[in-house]
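# Chains, contacts and geometry: an overview
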Amino acid sequence: ATMSKVAYPAMRKLGYADYLSTGVIAAGGTLGIMIPPSTILVIYGIVTETHIGKLFAAGVIPGLLCALMMMGAVAWITWRDPKAGPAGERTPWPERFRAVRDIWGVALLVVVVLGGIYGGVFTATEGAGIGASGAFFFALARRALTWRVLFEVLVESARTTAMLFTILIAAMIFSSFINFTTMPGDLKDWLLHLGLPPLAIVGAMMLIYVLLGTIMEELSMVLLTIPVFFPIVTSLGFDPVWFGVLIVLVVQIGLISPPVGMNLFVLNALLKTVPLAQIFRGVWMFVLALVVALAVVLEFQPLALWLPGFMK
């Protein structure tokens, strides 16, 4: 939503095609839930009792892989249709450095919080407190924090926290209900009797997620399926951290998959001049890029597990 207001006018001014501009914004908006800190990973960690710090570390390399795949999609689109993304004027390096000069505070905060979590200095929960405190003091130093702004921040934080805890409580109740029905065990036995390799079973789960993501809201989809799929994945001997990364990848795909990708309708609501058909047209190459990234992480587990291996 933010980038649609910031990036779209600039891209339109430079002559970019609407379908490329909206595709880039919609797809790029999904990277935030993979590259830490990630709300989806926190929810997954709480529901499955998986180490959240390791989940954050696991998301870094797959997140960079997704970014590279999306850059490749942009290169492919502009190669096929050069008019979709005409070259702009080159900006000198000194001017580029001046443009990012004022973001040092955010960069420092990210390094301290994520570095502390990865280094085992503090937990993910403590890191959240340190991050909030650091942002508070930066806002004070920049004279951007009035009493009214502070009140709005606290109210919005309370709303978000209440929403997340309501979702988590409902998910845990549902998970307990599923376990009482013995459904995960019955489903696991049925899958094992099919004689499929374990990785093929997980691949089938990912296909189900991708298909569900085209018709369901992503968070609901994850919370409804984790209680069923997670026990099967762990019983097959797979790492829950790796599976968490796969879950986020399928959520990314779902967020930009027509006809009900959430990011697509956010753009449609904010960019009144761009038809929904153009937005749908623009995301398909990025959906394919994320599907390729999902296949790579599915096949090469060390991409997700290498960094967590350094954590205590």
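Note that the structure is predicted; figures quoted are calculated from it, not measured.

### Side note on a nonpolar patch on the surface
On the surface, Trp93, Phe97, Val100, Ile103, Val106 and Val110 cluster together into a nonpolar patch covering about 620 Å² of accessible area. Contributions of two or more residues to the nonpolar patch are made by helix 6 (93-99) and helix 7 (104-118). When you line up the elements, Ile103 lands in the loop between helix 6 and helix 7.

### Quick look at the packing of aromatic side chains
Considering all chains together, one arrives at 10 aromatic pairs under this definition. Seen from their ring centres, Trp76 and Trp79 are 5.3 Å apart, and the 45° between their planes marks the pair as tilted. Residue Trp76 and its partner Trp79 are both found in helix 5 (residues 60-80); the two are separated by 3 residues, about one turn of the helix. Between Trp306 and Phe310, the ring centres sit 5.1 Å apart and the planes meet at 90°, which makes this aromatic pair edge-to-face. Every member of this aromatic cluster is reached through a ring pair, and the members are Tyr44, Phe230 and Phe243. Stacked on the ring of Trp93, the Lys or Arg Arg96 has its end atom at 4.2 Å from the ring centre. A cation over a ring is seen here: Arg281 above Tyr19, with NZ or CZ 3.9 Å from the ring centre.

### Side note on the nonpolar core
Within the largest apolar cluster, 79 residues are counted, with the highest numbers of intra-cluster contacts made by Met206, Tyr209, Phe243 and Leu246. Broken down by element, this core gets its largest block of residues, 12 residues, from helix 13 (residues 240-255). The contacts of Met206, once residues within four sequence positions are left out, are Phe243, Leu246, Val250, Leu294 and Leu298.

### Side note on the side chain of Ser257
Within the fold, Ser257 resides in the loop between helix 13 and helix 14 (262-270). For Ser257, a relative accessible area of 3% puts it in the buried group. Within polar-contact distance, the side chain of Ser257 engages the backbone oxygen of Ile253 at 2.5 Å. Setting aside anything within four residues of it in sequence, one finds Ser257 in contact with Thr214, Leu264 and Val287.

Calculation criteria
Here the residue numbers are simple positions, counted from 1 along each chain's written sequence. Two thresholds apply to this predicted model, a pLDDT of at least 70 for residue-level local features and 80 or more for giving and counting side-chain atom pairs, whereas whole-chain, interface and lining totals are computed over all residues. Based on all heavy atoms of the structure, the side-chain values leave hydrogens and waters out of the count. Patches draw on residues past 30% relative accessible area with no salt bridge. Two like charges within 9 Å are joined, as are two nonpolar side chains (Val, Leu, Ile, Met, Phe, Trp, Tyr) within 5 Å. Reported accessibility uses the Shrake-Rupley method at a 1.4 Å probe radius. Residues are deemed covered only where the shown protein chains occlude them. A pairing counts as a salt bridge when a side-chain nitrogen of Lys or Arg comes within 4 Å of a carboxyl oxygen of Asp or Glu. Secondary structure elements follow DSSP: runs of H or I no shorter than four residues count as helices, runs of E no shorter than two count as strands, and numbering proceeds from the N terminus. Two rings belonging to Phe, Tyr or Trp (six-membered ring only in the last case) form a pair when the distance between their centres is within 6.5 Å. Interplanar angles under 30 degrees mark stacking, angles over 60 mark edge-to-face geometry, and anything in between is tilted. Ring-over charges, as used throughout, are those where CZ of Arg or NZ of Lys falls within 6 Å of the ring centre and within 35 degrees of the ring normal. Only buried residues count toward a nonpolar core, which is a set of Ala, Val, Leu, Ile, Met, Phe, Trp, Tyr and Cys residues joined through side-chain atoms within 4.5 Å. Exposed residues in this analysis have more than 50% of their type's maximum accessible area, buried residues have under 20%, and partly exposed residues fall in between, with area computed by a 1.4 Å probe over protein chains only. What makes two residues a contact is simply this: any of their non-hydrogen atoms within 4.5 Å. Contacts described as polar in this section are N or O atom pairs within 3.5 Å, which, within protein, must combine one atom able to donate a hydrogen with one able to accept it, while residues neighboring in sequence count only if both atoms come from side chains.

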